[in-house]
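# Architecture and fold: a report
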Amino acid sequence: GFLVVRCGEVVHRSQEQQHYFNCPYQLGMGSDDRPTDADYYVLEDLEPNDTIVCATDGVWDNLYEAEMLNIIKSPTGADASATASTTSPELLARAISEASHVHGKDERFLSPFAVNAASHGLSFSGGKLDDVAVVVGLVREGPADQMWRGELSSNFISGGRYGTRASTVILVDKDGGVLYIDR
């Protein structure tokens, strides 16, 4: 799912996409889900300095929206999008993934997943340790071919025995120009 944050407030969020409780759409082996099964969003009202957070259910199951907004805020209390020159999307993505991981391991944390389970008549306590992937982007003005590649976080998760990095960047300018970089 994703959030669009402007000046410290969520201005758009995707809906949870799942077949039923605790069964999200998934791509990969053993799944009949296809990319075309997912919701499709066109965000035409993005503004310069908006922060876009895209993350897997392993994040949303463990972080409340208010906590996500607190992470996005800079150390001075200003919104990250207002201080984008000093706030790295990669650092925001790491902070979000780390907070999710900490909550996921906490057996006493009243997680969003536990609250959702209770609403379905199920008993669950603590966080839900799951795969976590986070990508953060900051909206910028200008042609796509002049954008900084550093304006998107790398999709990187590192742990004691696990690490992964994806380095695909897609930049789209307001006129529809696209720059695609894959390494």
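Up top you'll find the structure we're talking about.
Structural notes, computed from the coordinates.

Definitions and cut-offs
- Residues numbered from 1 in each chain as written.
- Predicted model: local features only at pLDDT ≥ 70, side-chain atom pairs only at ≥ 80, totals over all residues.
- Heavy atoms only, no water.
- Helix = DSSP H or I, 4+ residues; strand = E, 2+ residues; numbered from the N terminus.
- Buried < 20%, exposed > 50% of the residue type's maximum accessible area, 1.4 Å probe, protein only.
- Contact = heavy atoms within 4.5 Å.
- Areas by Shrake-Rupley, 256 points an atom, 1.4 Å probe, with all protein chains shown as cover.
- Axes fitted to C-alpha atoms, helices over the stretch in contact; angles between N-to-C directions.
- Left-handed = near helix turned anticlockwise from the far one by under 90°.
- Nonpolar A, V, L, I, M, F, W, Y, C, P; charged D, E, K, R; others polar.
- Salt bridge = Lys/Arg side-chain N within 4 Å of Asp/Glu carboxyl O.
- Phe/Tyr/Trp six-rings, centres within 6.5 Å; stacked < 30°, edge-to-face > 60°.
- Pairing = 2+ DSSP bridges.
- Core = buried A, V, L, I, M, F, W, Y, C linked by side-chain atoms within 4.5 Å.

## What to know about the overall build of the protein chain
Check the secondary structure of the protein chain and you find 4 helices and 10 strands. Reading the protein chain from its N end, one meets helices and strands in the order β-β-β-β-β-α-α-α-α-β-β-β-β-β. In the protein chain, which comprises 183 residues, the proportion classed as buried is 36%. Residue pairs in contact within the protein chain that sit at least 24 positions apart in sequence constitute 61% of those at least 6 positions apart. On the protein chain, roughly 11,500 Å² of surface is accessible, and the fraction owed to carbon and sulfur atoms is 51%.

## Points about the packing of helix α2 (residues 65-72) against helix α3 (residues 89-105)
When two helices pack together, their arrangement is given by the angle between their axes and by how far apart the axes lie. Where α2 contacts α3, the two axes come as close as 9 Å, and the packing angle between them is 140 degrees. Crossing angle aside, the handedness with which α2 passes α3 is right-handed. Here α2 contributes Glu67, Met68, Ile71 and Ile72 to the contact with α3, which in turn contributes Leu92, Ala95, Ile96, Ala99 and His103. Within the contact of α2 with α3, the residues separate by chemical class into 7 nonpolar, 1 polar and 1 charged.

## Concerning the pattern of salt bridges
Scanning all chains against the criterion turns up 6 salt bridges. Notably, a salt bridge pairs arginine 6 with aspartate 50, separated by 2.8 Å at the nearest N-O pair. One end of the pair, arginine 6, is in strand β1 (residues 2-6); the other, aspartate 50, is in the loop between β4 (23-24) and β5 (51-55), with 44 residues separating them in the sequence. A relative accessible area of 18% means that arginine 6 is categorised as buried. With relative accessibility at 1%, the residue aspartate 50 sits in the buried group. Residues lysine 128 and aspartate 61 are paired through a salt bridge, measuring 3.7 Å at the closest nitrogen-oxygen approach.

## Some details on the packing of aromatic side chains
On inspection of all chains with the given rule, the structure shows 4 aromatic pairs. Centre to centre, the rings of phenylalanine 2 and tyrosine 41 are 5.0 Å apart; their planes meet at 85 degrees, and the pair counts as edge-to-face. In this pair, phenylalanine 2 is assigned in strand β1 and tyrosine 41 in the loop between β4 and β5, connecting sequence segments 39 residues apart. The class of phenylalanine 2 is buried, set by a relative accessible area of 12%. The exposure class of tyrosine 41 is partly exposed, given its relative accessible area of 28%.

## Comments concerning the environment of proline 48
With respect to the helices and strands, the residue proline 48 is situated in the loop between β4 and β5. In this structure, the C-alpha to C-alpha distance between proline 48 and leucine 138, residues 90 residues apart in sequence, is 7.8 Å. Ignoring sequence-local partners within four residues, the contact set of proline 48 consists of Val139 and Glu141.

## Examining the pairing of strand β6 (residues 134-138)
Burial within β6 is extensive, with 4 of its 5 residues counted as buried. As paired elements, β5 and β6 share 5 bridges and run antiparallel to each other. Following the sheet pairing, valine 53 is matched in β6 by valine 136.

## A word on the environment of aspartate 39
With respect to the element layout, aspartate 39 can be found in the loop between β4 and β5. Aspartate 39 sits in the partly exposed class, given a relative accessible area of 42%. Taking the C-alpha atoms as reference points, aspartate 39 and glycine 1, separated by 38 residues in sequence, lie 9.8 Å from one another. What aspartate 39 contacts, discounting residues up to four positions off in sequence, is Gln15 and Gln17.

## Some details on the nonpolar core
Core analysis: the biggest nonpolar cluster contains 18 residues, and Val53, Val59, Leu63, Met68, Ile96, Val134 and Val136 have the highest contact counts within it. At the level of secondary structure, the elements contributing two or more residues to this core comprise β1, β5, α2, α3 and β6.

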